[in-house]
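Commentary on secondary and tertiary structure
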Amino acid sequence: MGKLTVGALRVVLVVVFAGTVLVQALMVWTLVSGSDPEDGSLPLTALRVITILGMVSVQVATVCVGRLVTMVRRGTVFSHAAFRYVDGVIGAIVAVSLVWFAVTIVNAPGQRDDPGVTVIMGGIGLAILGVALIVLVLRMLLAQAVARDVEAAQMQAELDEVI
């Protein structure tokens, strides 16, 4: 991966992480200061809790991708240590999918006249799960690459002994 690509990805990751932290901080400030535009009787509505959980999932994925980018830059991504971060990304994507399904469920009663919106939202949730499956396949490819790398290192060690 080139330096420009790594730099651009890091900028995007920092902006996304900072944005989610800012939104979370503003939500807390709104709840604590009493300047809630709603009546304030229920400070933690279902959608607010879902939003907070969704942002935490995005933050986990952002940190894991950032660690993987660092490993790519150092040339250590083809190691067993990378699996922890890839698993973190998969878990975060599945969590986002579950959060989206929760949004769909919360939104469904308001869509009785137009149930197509709920069906479309459910389809989006399935698409998000599909992304998790794609990353799982990429994890399997990483596992094969790590196994080949270990095998190549063993062969190189045997060859060095012969020479």
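Nothing here was measured: the structure is a model prediction, and the numbers come from that model.

1. Some remarks on the overall build of the protein
- For the protein, the helix and strand inventory stands at 4 helices and 0 strands.
- Along the protein, helices (α) and strands (β) appear in the sequence α-α-α-α when read from the amino end.
- For 163 residues, the compact-globule estimate of 2.2 N^0.38 gives 15 Å, and the protein exceeds it by more than 25% at 22 Å.
- Expressed along its principal axes, the backbone C-alpha trace of the protein runs to roughly 80 × 35 × 25 Å.
- Among the 163 residues that make up the protein, the fraction classed as buried is 25%.
- Counting contacts in the protein only where the partners sit at least 6 residues apart, residues at least 24 apart contribute 73% of the total.
- When the accessible surface of the protein is split by element, carbon and sulfur atoms take 72% of a total near 10600 Å².
- Each charge class in the protein was averaged separately, 10 positive and 11 negative side chains, and the resulting centres sit 8 Å apart.

2. Description of a positive patch on the surface
- A contiguous patch of positive charge on the surface is contributed by Arg10, Arg67, Arg73, Arg74 and Arg84.
- Considering every element that reaches the positive patch, the biggest residue donor is helix 2 (residues 46-74), with 3 residues.
- Residue position: Arg74 is located in helix 2.
- Given the relative accessible area of 56%, Arg74 is considered exposed.

3. A closer look at the confidence of the model for the protein
- Averaged over the protein, the pLDDT score is 89; the fraction of residues at 70 or greater is 93%.
- Across the protein, element-level confidence peaks in helix 3 (residues 81-107) with a mean pLDDT of 94 and bottoms out in helix 1 (residues 3-33) with 89.

4. Here we look at the packing of helix 1 against helix 2
- It is the contact of helix 1 with helix 2, at a shortest axis distance of 10 Å, that shows an interaxial angle of 155°. Relative to helix 2, the element helix 1 is oriented roughly antiparallel. Seen from above, helix 1 lies across helix 2 with left-handed handedness.
- Considering only residue class, the contact of helix 1 with helix 2 consists of 16 nonpolar, 7 polar and 3 charged.

5. Some remarks on the nonpolar core
- Among the nonpolar cores identified, the biggest contains 16 residues, and Leu68, Met71, Ala82, Val86, Ile93, Val135 and Leu142 are the most heavily contacted of them.
- Contributing elements (two or more residues each) for this core: helix 2, helix 3 and helix 4 (116-162).
- Once residues lying within four places of it in the same chain are set aside, the contact partners of Val86 are Leu68, Val135, Arg139 and Leu142.

Cut-off values and rules
Residues numbered from 1 in each chain as written. Predicted model: local features only at pLDDT ≥ 70, side-chain atom pairs only at ≥ 80, totals over all residues. Heavy atoms only, no water. Helix = DSSP H or I, 4+ residues; strand = E, 2+ residues; numbered from the N terminus. Rg over C-alpha atoms; globule rule 2.2 N^0.38 Å. Buried < 20%, exposed > 50% of the residue type's maximum accessible area, 1.4 Å probe, protein only. Contact = heavy atoms within 4.5 Å. Areas by Shrake-Rupley, 256 points an atom, 1.4 Å probe, with all protein chains shown as cover. Lys, Arg positive; Asp, Glu negative; His and termini not counted. Charge placed at Lys NZ, Arg CZ, Asp CG, Glu CD. Patch = residues over 30% accessible without salt bridge, like charges linked within 9 Å, V, L, I, M, F, W, Y side chains within 5 Å. Salt bridge = Lys/Arg side-chain N within 4 Å of Asp/Glu carboxyl O. pLDDT = per-residue confidence, 0-100. Axes fitted to C-alpha atoms, helices over the stretch in contact; angles between N-to-C directions. Parallel < 35°, antiparallel > 145°, perpendicular 65-115°, else oblique. Left-handed = near helix turned anticlockwise from the far one by under 90°. Nonpolar A, V, L, I, M, F, W, Y, C, P; charged D, E, K, R; others polar. Core = buried A, V, L, I, M, F, W, Y, C linked by side-chain atoms within 4.5 Å.

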